[in-house]
Amino acid sequence: MGPIDYVVIEFPGSRMTGEGFPLLVDLVDRGLIRILDLLFVKKEEDGSVVGLEIADLTGDGVLDLAVFEGASSGLLGEDDIAEAGQALEPGNSAGILVYENLWAAPFATALRRGGAQMVASGRIPVPAILAALDETDAG
């Protein structure tokens, strides 16, 4: 297996255009990632978090997310949903995506065969990268 990552993507005002979904499908089709879980939640104004059904985001009568229906490995639990909900502003929705980085699987397998193991992993937030680049350019 390749490394497993997750992202929580917030949609202010629960407005989802569906614009990113063809790109996600492309990543799957090209064998770069495998979607393990995809679910949507909404944080109500009272702070409660509820699940959302796969939907027609663009209003064109086509279920934009139908290709992802049933993407559930069981890795996400109620505690994960609650934690994602804490990150949301009331009235907003989010997609929670858990995916395997298939592109890295052969590399990870080769490392494990050689006795290596991953001991740490992380992600640098894009705003931090942009701020560091701006600082470099200014200096």
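In what follows, the structure referred to is the one given above.
Residues numbered from 1 in each chain as written. Predicted model: local features only at pLDDT ≥ 70, side-chain atom pairs only at ≥ 80, totals over all residues. Heavy atoms only, no water.

S.K.: Sorry if this is basic, but what is going on with the nonpolar core here?
M.R.: Soluble globular proteins: nonpolar side chains tend toward being buried together. Core analysis: the largest hydrophobic core is formed by 11 residues, namely Phe 11, Met 16, Phe 21, Leu 24, Ile 33, Ile 35, Leu 38, Phe 40, Ala 71, Leu 97 and Tyr 99. When residues of this core are traced back to their parent elements, those giving at least two are α1 (21-29), β2 (33-43) and β4 (93-101). Those residues in contact with Ala 71 that lie beyond four places of it in its chain are Ile 35, Leu 36, Asp 37 and Leu 38. Membership of the second largest hydrophobic core comes to 9 residues, among which are Leu 36, Val 41, Ile 96 and Val 98. (Core = buried A, V, L, I, M, F, W, Y, C linked by side-chain atoms within 4.5 Å. Buried < 20%, exposed > 50% of the residue type's maximum accessible area, 1.4 Å probe, protein only. Helix = DSSP H or I, 4+ residues; strand = E, 2+ residues; numbered from the N terminus. Contact = heavy atoms within 4.5 Å.)

S.K.: Which parts of the structure should I look at to understand the pattern of salt bridges?
M.R.: Pairing between side chains of opposite charge can happen when the charged atoms of each approach one another. Taken as a whole and judged by the stated rule, the model has 3 salt bridges. A salt bridge links Arg 30 to Asp 26; its shortest N-O distance comes to 2.9 Å. Arg 30 sits in the exposed class, given a relative accessible area of 54%. Residue classification places Asp 26 among the partly exposed residues on the basis of a relative accessible area of 32%. Taking the shortest distance from any N to any O, the salt bridge between Arg 34 and Glu 100 comes out at 2.6 Å. Taken together, the residues span a long stretch of sequence, with Arg 34 in strand β2 and Glu 100 in strand β4 at a distance of 66 residues. Classification of Arg 34 by relative accessible area gives partly exposed; the value is 39%. Overall, the relative accessible area of 3% leaves Glu 100 in the buried class. (Salt bridge = Lys/Arg side-chain N within 4 Å of Asp/Glu carboxyl O.)

S.K.: Could you clarify how one ought to interpret the environment of Leu 36 in this entry?
M.R.: Following the sequence through the fold, Leu 36 ends up in strand β2. Of the residues examined, Leu 36 reaches a relative accessible area of 9% and is grouped as buried. When sequence neighbours within four positions are dropped, the list of residues in contact with Leu 36 reads Ile 4, Ala 71, Ser 72, Ser 73, Leu 75, Val 98, Tyr 99 and Glu 100.

S.K.: Just checking my understanding: could you explain helix α2 (residues 78-87) for this structure?
M.R.: What α2 keeps buried is the set Ile 81, Ala 84 and Gly 85. Axial view of α2: buried residues confined to an arc of 105°, hence all on one face. What points out from α2, more than 90 degrees from its buried face, is the exposed set Asp 79, Glu 83, Gln 86 and Ala 87. Residues of α2 that are buried sit in contact with β1 (4-11), β2, β3 (49-52) and β4. (Arc of directions from axis to C-beta.)

S.K.: Before we go on, may I ask you to explain the sheet that holds β1 in this structure?
M.R.: Strands belonging to one sheet form pairs held by backbone hydrogen bonds; the direction of such a pair is parallel or antiparallel. Here we have 4 strands laid out as an open sheet, ordered β1-β4-β2-β3, and antiparallel in their pairing. Each end of this open sheet is capped by a strand with a single partner; those strands are β1 and β3. Across the sheet, the mean angle separating the axes of adjacent strands is 30° when strand polarity is ignored. Sheet topology note: the β2/β3 ladder contains 4 bridges and is antiparallel. Looking across to β3, one finds that Lys 42 is bridged to Val 50. Together, β1, β2, β3 and β4 form the strand contacts of α2, whose direction differs from that of β2 by roughly 60°. (Pairing = 2+ DSSP bridges. Axes fitted to C-alpha atoms, helices over the stretch in contact; angles between N-to-C directions.)

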